[in-house]
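# Secondary and tertiary structure notes
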Amino acid sequence: MIIRVTPDHPIPSSEITPEGVYQNRRDFVKEAGLLGVGLAATLSGARTAKAQQGGTSIGGAELKGELTPEEDVTSYNNFYEFGTGKDDPKPNAKNFRTKPWTVKVEGMVAKPATYNIEDFLKPHKLEDRIYRHRCVEAWSMVIPWMGFPMSDLIKRVEPTASAKYIQFTTALDPQQMPGVRFPVLDWPYVEGLRLDEAMHPLAMMVVGVYGKMLPNQNGAPLRHIVPWKYGFKSCKSIVSIKFTDKQPATAWAVATPNEYGFFANVNPEVDHPRWTQARERRIGELRRRDTLMFNGYTQVASLYSGMDLRRNF
Amino acid sequence: MTAVGEESALASADGRGSRARPQGFRPPGWLHPLVVAASIIPFVWVAYAFYSDLVNNTRLLTSEPIKEAEHFTGKWALRFLLVCLAVTPLMRIIGLGWLVKYRRTFGLIAFGYAVVHLGIYFGLDIELMWSNLVEDVLDRLYITLGMLALLLMVPLAITSTKGWIKRLGNKKWNALHRLVYVSGVLGVIHFYMAVKRDVREPLLYGAILAASFGYRWFWNRRETQRRQMTALAR
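Predicted, not measured: the structure shown is a model, and the values here were computed from it.

## Considering the overall build of chain B
Secondary structure assignment for chain B yields 9 helices and 0 strands. The helix and strand sequence of chain B, counted from the amino end, reads α-α-α-α-α-α-α-α-α. Counting all 234 residues of chain B, 43% fall into the buried class. Put simply, of all contacts in chain B between residues at least 6 apart along the chain, 68% involve residues at least 24 apart. Per element, the accessible surface of chain B, about 12500 Å² overall, is 69% carbon and sulfur.

Written out as structure tokens, the structure is:
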């Protein structure tokens with residue numbers, strides 16, 4: 001799969017999003033404007049640039065005919081902070097306040113700081129990417145995300161030489177998150193990656209989906225996506241990004257270590273103890289399909305050369 | 001409709017039915033068919049919703065209707081099993097002996113939901129893949145237990161007719177049908193192990209099950225004491 005950034009897009013964005021969504025772009029820019037002038041400028045700038053380019057392509061362009069309907073992407077969610085039912089997050093996150101929002105960059109980093117989300121996003125050029133999304137529960141989607149490479153962020157904040165891992169933390173607010181009142185997980189939700197995984201061009205910081213700002217239930221205002229790993233590896237509604245030399249104690253690996261590992265690479269040969277991972281059901285399809293190694297993103301294989309992926313599941 | 005006399009015989013088959021107070025109230029004849037019809041509503045709903053999701057592209061059963069229908073029917077199987085097991089305590093507490101026939105009714109309805117649950121799992125979820133079924137049953141304890149819970153209900157469903165009660169005799173029939181307790185326990189454990197992290201609902205089911213067992217234990221103990229007292233008095 002090829003990723004091309006905004007200036008080279010060979011396919012108009014109208015082709016990668018359904019027309020209705022495409023026409024919502026104005027609303028999106030308006031909405032972005034509410035976030036702050038800086039962000040609005042970035043977003044509309046990026047959008048305009050793309051529109052002017054005419055022919056543009058995005059990462060995963062070969063998937064564009066397979067997009068999962070937006071209704072499914074934004075109503076079938078695992079976001080336990082807002083309830084454990086997959087239809088809970090949408091209603092329960094409706095009034096979640098994402099403005100103002102701050103993101104803390106901390107740990108082994110040259111430039112630790114706490115940013116307003118507007119300032120945090122400002123330097124980054126947004127791009128669209130269509131990724132396969134494979135949940136550990138053996139269902140999958142194809143989702144048009146909008147965001148920027150995680151590597152751009154990492155380069156920008158300059159981790160020190162001793163940093164080996166990046167750790168993300170989701171917001172924790174019992175007032176607004178009914179799901180955290182019951183200790184389903186050891187809140188807050190923490191996820192993490194090895195730094196070389198995080199630097200891979202496929203790893204992405206995400207602010208939008210389907211051409212719009214992330215809905216709350218999808219992890220507004222900032223989440224990340226690692227398309228070759230199971231969905232739970234990506235943190236939603238991120239408030240902290242920490243660089244560390246110790247492997248982060250990630251939420252699911254802490255909760256059920258025999259079922260969820262730190263790596264959680266999509267792997268059809270390593271079953272979940274309670275179900276097979278060999279096949280998956282794409283949302284909207286009746287029949288199951290075969291699950292692909294690394295969710296089809298085999299270009300990441302070199303990150304794990306020499307590793308026993310059965311043990312490091 | 002079954003004669004009340006026969007149902008009382010069932011209730012007293014364990015030799016303790018004499019405790020049930022004689023009843024002035026007779027339920028109207030339409031009550032039983034109404035209860036059966038009401039019990040089928042969840043099934044009718046899930047069948048309709050499934051059809052609608054597939055054909056009309058609705059999302060009544062979320063974005064994953066097969067999984068949702070599978071979970072939905074499994075939960076209803078358990079709920080009716082719990083209701084079935086609550087009949088006896090209820091009968092004793094409020095003294096309504098005619099309730100006894102509802103044990104069989106709810107047991108059969110629970111079995112029906114469990115069969116649909118299994119059908120969705122095997123037919124739609126794992127798509128009739130025998131290898132997957134065997135692997136699941138052998139390697140995955142919660143499926144082993146769930147399957148066992150269902151299999152144990154098969155002889156109970158078969159012998160649920162009046163003919164079989166006569167053929168086996170009350171004593172044997174009652175003894176055989178104590179298997180339903182095992183099914184109930186296995187079913188709740190199956191549910192507990194199947195959920196990912198949020199165990200509140202299975203724990204609630206377990207609590208209800210424990211309460212109905214606790215009541216039986218308490219009642220049996222009291223009854224034994226009473227009999228000993230009676231024996232002493234003689």
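Read on, since the account is not over.
## Description of the overall build of chain A
The helix and strand inventory of chain A stands at 10 helices and 12 strands. Burial analysis of chain A (313 residues in total) assigns 59% to the buried set. If you take every contact in chain A between residues at least 6 apart in sequence, the share linking residues at least 24 apart comes to 74%. Accessible surface, chain A: about 12300 Å² in total, of which carbon and sulfur atoms supply 51%.

## A look at the packing of aromatic side chains
The final tally for this structure, using the stated rule, is 23 aromatic pairs over all chains. Considering the side-chain rings of Phe82(A) and Phe96(A), the 5.3 Å spacing of their centres and the 75 degrees angle between planes classify their relative orientation as edge-to-face. Here the residue Phe82(A) occupies a position in the loop between α5 (70-73) and α6 (89-92), and Phe96(A) occupies one in the loop between α6 and β1 (102-107), the gap between them amounting to 14 residues. Exposure remark for Phe82(A): the relative accessible area of 0% places this residue in the buried category. Among the aromatic residues, those joined into a ring-pair cluster are Trp45(B), Phe72(B), Trp76(B), Phe80(B), Trp98(B), Tyr102(B), Phe106(B) and Tyr113(B).

## Overview of the sheet that holds strand β2 (residues 113-116) of chain A
All names here are of chain A. Strand order in the open sheet formed by 5 strands is β2-β1-β10-β5-β6, and the pairing between neighbours is mixed. At either margin of the open sheet sits one strand with a lone partner, and together these are β2 and β6 (190-194). In this sheet, neighbouring strand axes are inclined to one another by 15 degrees on average, regardless of whether the strands run parallel or antiparallel. The sheet contact formed by strand β5 (residues 165-170) and strand β10 (residues 238-244) spans 6 bridges and is antiparallel. Along β10, the bridge assignment pairs threonine 169 with serine 240. Packed onto the sheet, helix α8 (residues 150-157) meets β1, β2, β5, β6 and β10 and runs at close to 65 degrees relative to β10.

## A few points about the interface of chain B and chain A
Each side of the interface is counted separately: chain B has 23 residues, and chain A has 33 residues. Carbon and sulfur atoms make up 46% of the surface buried where chain B meets chain A, a total of about 2400 Å² over both sides. The three residues of chain B that bury the most area against chain A are Glu127(B), Lys196(B) and Arg197(B), which together make up 32% of that side's buried surface. With a closest N to O distance of 2.9 Å, Glu127(B) and Arg279(A) form a salt bridge. Applying the counting rule to chain B against chain A returns 19 residue pairs in polar contact (both at pLDDT 80 or more). Broken down by secondary-structure element, the contributors of at least two residues to the side of chain B that touches chain A are α3 (65-94), α4 (100-125), α5 (130-139) and α8 (179-194) of chain B.

## A look at unusual backbone geometry
All names here are of chain A. Cis geometry marks the peptide bond from lysine 99 to proline 100, where omega comes out at 0 degrees. By the element assignment, proline 100 lies in the loop between α6 and β1. Omega for the bond connecting tryptophan 187 with proline 188 falls within 30 degrees of zero, at 0 degrees, which places this linkage in the cis form. Mapped onto the secondary structure, proline 188 falls in the loop between β5 and β6. Even without a glycine there, the phi angle at asparagine 295 is positive, about 60 degrees.

## Some remarks on the environment of Asp196(A)
Residues and elements named next belong to chain A. Of note, aspartate 196 is situated in helix α9 (residues 195-198). For aspartate 196, a relative accessible area of 35% corresponds to the partly exposed category. Here the alpha-carbon distance between aspartate 196 and serine 151, two residues 45 residues apart in the chain, equals 9.4 Å. A polar side-chain atom of aspartate 196 sits 2.8 Å from a polar atom in the side chain of arginine 194.

## Structural notes on the pattern of salt bridges
For the structure shown, the criterion picks out 25 salt bridges over all chains. Two residues, Arg287(A) and Glu127(B), come together in a salt bridge whose shortest N-O distance is 2.9 Å. Remark: Glu127(B) occurs in the loop between α4 and α5 and Arg287(A) occurs in the loop between β11 (279-282) and β12 (289-290); the pair is interchain, linking two chains. Looking at Arg287(A), the relative accessible area reads 55%, which means it is exposed. Under the relative-accessibility criterion, Glu127(B) is labelled buried at 11%. Connected via shared salt-bridge partners are Asp271(A), Glu135(B), Asp136(B) and Arg140(B).

## Comments concerning empty space enclosed by the protein
Residue and element names in this part refer to chain A. The tally for this structure, following the rule as stated, stands at 3 cavities of 30 Å³ or more. A volume near 350 Å³ is recorded for the largest cavity. Along the wall of the largest cavity there are 26 residues; nearest its centre are Asn78, Phe79, Gly231, Phe232 and Lys236. Among the elements that make up the lining of the largest cavity, the one with the highest residue count is strand β4 (residues 139-149) (4 residues). Of the residues in the lining of the largest cavity, the class split is 15 nonpolar, 7 polar and 4 charged. Size it by volume and the second largest cavity reaches roughly 60 Å³.

## Points about α3(B)
Residue and element names in this part refer to chain B. Helix length check: α3 (30 residues) gives 41 Å between terminal C-alpha atoms against 44 Å at 1.5 Å per residue, within 8%. The sharpest bend along α3 measures roughly 30 degrees and falls at valine 87, with the proline proline 89 sitting one to four residues further on. Looking at the residues trailing α3, positive phi occurs at glycine 95, about 65 degrees.

## Focus: α5(B)
Inspection of α5(B) places Asn132(B), Leu133(B) and Asp136(B) among the buried residues, and these make up the whole buried set. For α5(B), the buried positions fall inside an angular range of 100 degrees around the axis, keeping them on one side. Away from the buried face of α5(B) by more than 90 degrees, exposed residues Trp130(B), Leu138(B) and Asp139(B) are located. Next to the buried residues of α5(B) lie β11 of chain A together with α4 and α6 (141-158) of chain B.

Reading the values: rules and limits
Residues numbered from 1 in each chain as written. Chains lettered and ligands numbered in written order. Predicted model: local features only at pLDDT ≥ 70, side-chain atom pairs only at ≥ 80, totals over all residues. Heavy atoms only, no water. Helix = DSSP H or I, 4+ residues; strand = E, 2+ residues; numbered from the N terminus. Buried < 20%, exposed > 50% of the residue type's maximum accessible area, 1.4 Å probe, protein only. Contact = heavy atoms within 4.5 Å. Areas by Shrake-Rupley, 256 points an atom, 1.4 Å probe, with all protein chains shown as cover. Phe/Tyr/Trp six-rings, centres within 6.5 Å; stacked < 30°, edge-to-face > 60°. Pairing = 2+ DSSP bridges. Axes fitted to C-alpha atoms, helices over the stretch in contact; angles between N-to-C directions. Buried area = accessible area lost by both parts, 1.4 Å probe. Salt bridge = Lys/Arg side-chain N within 4 Å of Asp/Glu carboxyl O. Polar contact = N/O pair within 3.5 Å; in protein donor to acceptor, adjacent residues only side chain to side chain. 1 Å grid on protein atoms, 1.4 Å probe; cavity = no way out; pocket = protein on both sides within 12 Å on 5 of 7 lines; lining within 4 Å. Points joined across faces, edges and corners; volume = space filled by probe spheres on them. Nonpolar A, V, L, I, M, F, W, Y, C, P; charged D, E, K, R; others polar. Expected span 1.5 Å × (residues − 1). Bend = angle between axes of the 7 residues up to and from the residue. Arc of directions from axis to C-beta.

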